[in-house]
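Summary of the model geometry
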Amino acid sequence: MAIKTVGVIGAGQMGAGIAHVCALAGYDVLLHDLAVDRLERGIATINGNMARQVASEKLTEQDRSDAMKRIRGVSEVEDLAGVDMVIEAATENESVKRKIFAQLCPILNPEAILATNTSSISITRLAATTDRPERFIGIHFMNPVPVMKLVELVRGIATEEQTFAQAQEFVASLGKQITVSEDFPAFIVNRILLPMINEAVYTLYEGVGSVVAIDTAMKLGANHPMGPLQLADFIGLDTCLSIMQVLYEGLSDSKYRPCPLLVKYVEAGWLGRKTGRGFYDYRGEEPVPTR
Ligand code: CAA
């Protein structure tokens, strides 16, 4: 079955980015979110990011307007009945994801592929809660999706070869490069990236350096495009914490224990850029470190 229409669940930063690249590649996209305001914000974000690409001559105005016409926001799961593939990009919480799949499966075409953008949760376990573990796969995009070249593909234990091949072809059609990861906690990118971010938070917690010192050290000393605390704010501190918890519990190894300071920021609701405050305060003109 050829993929023509893609359903994307969740209009947050990842869902919006996925809808963006799918629409530019010529797919019809149904972007679903329960919250209508989030849906509207997501579509406005896509439009703004495409406008940025027009301004830097990566896209023409015609490409932007054609792609925007291919995206439709929907707030009922039933609206996704006719899609060929669903990419779930809801919040990084296993019970939320399970509920979504439980609602979705009965209304989808039996041939439709079910994909999740989870950054850390077991594909095999999520697949087992659905009616189609053989047509279930992890397609993990990186943030910001329109810019980052990599997509991790993760097979669950039951994923069929045909599903993998279709997902591979689909990702290539988006102009992205794949890397294949086995289904173990946090896959490849986050298995390596998140312990580094968590260690940066420990470095702050133990007073080894300030927010600015730590970020400057890694930007100029290791040539990272963003410092680890800046990157944590960009990813979302709630997402960072949940990935550390998946590593800690999934591998039963104390080296992955989440830093108490990361937990405190999340408890405060200081989740990074999306809430206006994290390791930096973004509410003024320039980000100001919060420690
Ligand atoms: N949509 C479209 N274009 C975007 C964009 C977006 N959301 N964000 C940035 N861009 C474009 C800009 O328009 C700009 O384009 P031009 O070069 O054509 O002008 C280009 O990207 C660079 O952006 P900026 O000049 O604004 O800023 P920058 O040079 O600092 O780059 C960045 C921004 C690409 C985000 C860079 O800082 C970076 O690569 N940071 C690291 C990102 C990273 O590590 N991501 C992975 C996170 S982990 C993850 O996603 C996995 C997970 O599960 C948690």
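Model, not experiment: these values are computed from the prediction. (Residues numbered from 1 in each chain as written. Predicted model: local features only at pLDDT ≥ 70, side-chain atom pairs only at ≥ 80, totals over all residues. Heavy atoms only, no water.)

Focus: the site of the ligand
Under the convention used in this document: For this description, a residue counts as near a given molecule or strand if any of its non-hydrogen atoms is within 4 Å of it. For this analysis, a polar contact is any N or O atom pair within 3.5 Å, provided that within protein one partner can donate a hydrogen and the other can accept it, and provided that sequence-adjacent residues contribute only side-chain to side-chain pairs. Under the scheme used here, helices are H or I runs from DSSP no shorter than 4 residues and strands are E runs no shorter than 2 residues, and both carry numbers assigned from the N terminus. The classification used treats Ala, Val, Leu, Ile, Met, Phe, Trp, Tyr, Cys and Pro as nonpolar, Asp, Glu, Lys and Arg as charged, and all other residues, Gly among them, as polar.
Every one of the 18 residues lining the ligand counts as a neighbour, but Lys58, Ser119, His140, Asn143 and Asn190 are closest to it. A distance of 3.3 Å is found between a nitrogen atom of the ligand and a side-chain nitrogen or oxygen belonging to Asn49. Mapped onto the shell around the ligand, the elements with two or more residues apiece are α2 (36-55), α7 (189-205) and α9 (228-235). Here the residues of the shell around the ligand sort into 10 nonpolar, six polar and two charged.

What to know about the sheet that holds strand β8 (residues 177-181)
As a reminder of what qualifies: Whether two strands pair comes down to DSSP finding at least two bridges between them. Axes here mean lines fitted to C-alpha atoms, for a helix over just the part in contact, with angles spanning 0 to 180 degrees between N-to-C directions. Residues are treated as being in contact if the distance between any of their heavy atoms lies within 4.5 Å.
Strand order in this open sheet of eight strands is β3-β2-β1-β4-β5-β6-β7-β8, and the pairing throughout is mixed. A single partner strand is all that each edge strand has here, and the edge strands are β3 (71-74) and β8. Within this sheet the neighbouring strands show an average axis-to-axis angle of 25°, counted without direction. Taken together, the four bridges between strand β4 (residues 85-88) and strand β5 (residues 113-116) define a ladder with parallel strand orientation. Pairing of Met85 across the sheet is with Ile113, part of β5. Each of β2 (28-32) and β3 touches α2; the most contacted strand, β3, lies at about 160° to it.

Quick notes on the packing of α7 against helix α11 (residues 260-267)
The condition is simple: When describing relative orientation, an angle under 35 degrees is termed roughly parallel and one over 145 degrees roughly antiparallel, while 65 to 115 degrees is termed roughly perpendicular and anything else oblique.
Direction vectors running N to C along α7 and α11 enclose 95°, while the axes themselves pass 8 Å from each other. For the element pair α7 / α11, the angle class is roughly perpendicular. Residues Asn198, Val201, Tyr202, Leu204 and Tyr205 of α7 touch α11, and the partners they reach there are Pro260, Leu261 and Leu262. A breakdown of the residues in the contact of α7 with α11 according to their chemical character gives seven nonpolar, one polar and no charged.

With respect to the packing of aromatic side chains
Between two aromatic rings, the relevant description is the distance of the centres plus the angle of the planes. To be explicit about the condition: Under the pairing criterion, centres of Phe, Tyr and Trp rings, with the six-membered ring standing for Trp, must be within 6.5 Å; the plane angle then separates stacked pairs below 30 degrees from edge-to-face pairs above 60, leaving the rest tilted. Throughout, exposure labels follow a simple rule: accessible area from a 1.4 Å probe, protein chains only, divided by the maximum for the residue type, with under 20% read as buried, over 50% as exposed, and the rest as partly exposed. Counted as over-ring charges are cases with an Arg CZ or a Lys NZ within 6 Å of the ring centre that also lie within 35 degrees of the ring normal.
Summed over all chains, the structure comprises six aromatic pairs. An angle of 75° between the planes, with centres 6.0 Å apart, marks the rings of Tyr202 and Tyr205 as edge-to-face. Residue Tyr202 and its partner Tyr205 are located together in helix α7, separated by three residues, close to a single helical turn. By relative accessible area, which is 9% here, Tyr202 ends up buried. Here the aromatic rings of Tyr265 and Phe279 are separated by 4.5 Å at their centres, their planes lie at 40°, and the arrangement is tilted. Placement of Tyr265 in helix α11 and of Phe279 in the loop between α11 and β9 (280-281) is noted, with a sequence separation of 14 residues between them. With respect to class, Tyr265 is no different from Phe279; both count as buried. Connected via pairs of aromatic rings, a cluster forms that spans Tyr265, Trp270 and Phe279. Here the guanidinium or amino end of Arg155 rests over the ring plane of Phe164, the centre of that ring lying 3.7 Å away.

A few points about the nonpolar core
Side chains that are nonpolar tend, in soluble globular proteins, to be buried together. Using the following cut-off: For the purposes of this section, nonpolar cores are sets of buried Ala, Val, Leu, Ile, Met, Phe, Trp, Tyr and Cys residues that join through side-chain atoms within 4.5 Å.
By size, the foremost hydrophobic cluster in this structure holds 37 residues, and its most contacted members are Ile139, Phe141 and Phe170. Ignoring any residue separated from it by four or fewer positions in sequence, one finds Phe170 in contact with Ile3, Val6, Cys22, Tyr27, Met85, Ile87 and Ile139.

Observations concerning the pattern of salt bridges
The test is simple: Any carboxyl oxygen of Asp or Glu within 4 Å of a side-chain nitrogen of Lys or Arg constitutes a salt bridge here.
Counted under the stated rule, the structure contains 11 salt bridges. For Arg98, the salt bridge goes to Glu94, with nearest N and O atoms at 3.0 Å. On the criterion of helical spacing, the pair formed by Arg98 and Glu94 is a turn pair, its members being four residues apart in helix α4 (residues 94-104). For Lys274, the salt bridge is made with Asp238, and the minimal N-O distance between the two is 2.9 Å. Taken together, the residues span a long stretch of sequence, with Lys274 in the loop between α11 and β9 and Asp238 in helix α10 (residues 237-251) at a distance of 36 residues. A relative accessible area of 49% means that Lys274 is categorised as partly exposed. Relative accessible area serves as the criterion here: at 25%, Asp238 is assigned to the partly exposed category. The network of salt bridges with common partners includes Glu88, Glu92 and Lys97.

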